[in-house]
Amino acid sequence: MANPSEDLINLCRAAVEAERTATSEPYTKERWAAWLKAAEAFQRAVVEEAGREPKQSRLELEQAAKKAVLHPEESSGG
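Residues numbered from 1 in each chain as written. Predicted model: local features only at pLDDT ≥ 70, side-chain atom pairs only at ≥ 80, totals over all residues. Heavy atoms only, no water.

One pass over the full model with this rule turns up 2 aromatic pairs. Measuring from ring centre to ring centre gives 5.5 Å for Tyr-27 and Trp-32, while their planes differ by 65°; the resulting arrangement is edge-to-face. Note on Trp-32 and Trp-35: the rings are 4.9 Å apart at their centroids and 65° apart in plane angle, and the pair reads as edge-to-face. One end of the pair, Trp-32, and the other, Trp-35, are both in helix α2 (residues 29-52), 3 residues apart, so they sit about a helical turn from each other. Judged by its relative accessible area of 28%, Trp-32 falls in the partly exposed class. A relative accessible area of 17% means that Trp-35 is categorised as buried. Among the aromatic residues, those joined into a ring-pair cluster are Tyr-27, Trp-32 and Trp-35. (Phe/Tyr/Trp six-rings, centres within 6.5 Å; stacked < 30°, edge-to-face > 60°. Helix = DSSP H or I, 4+ residues; strand = E, 2+ residues; numbered from the N terminus. Buried < 20%, exposed > 50% of the residue type's maximum accessible area, 1.4 Å probe, protein only.)

Here it is, written out as structure tokens:
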């Protein structure tokens, strides 16, 4: 199982919160730009962090970070 860093989890959390903000009200370019910027920062960090360890799956790392943010009760073991 992938073990995302706290920094990666925080970037994921920021992207999720930006998405919620962007989609909670009618579309504006500015609101969605913040979401896209946060999502891009998260994806860059996933690629960078996955590249630090040989055989680290980028997909597994991304999923582990998202699980930690979206389902913290599951990722903490109970």
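Now that the structure is up, let's keep going.
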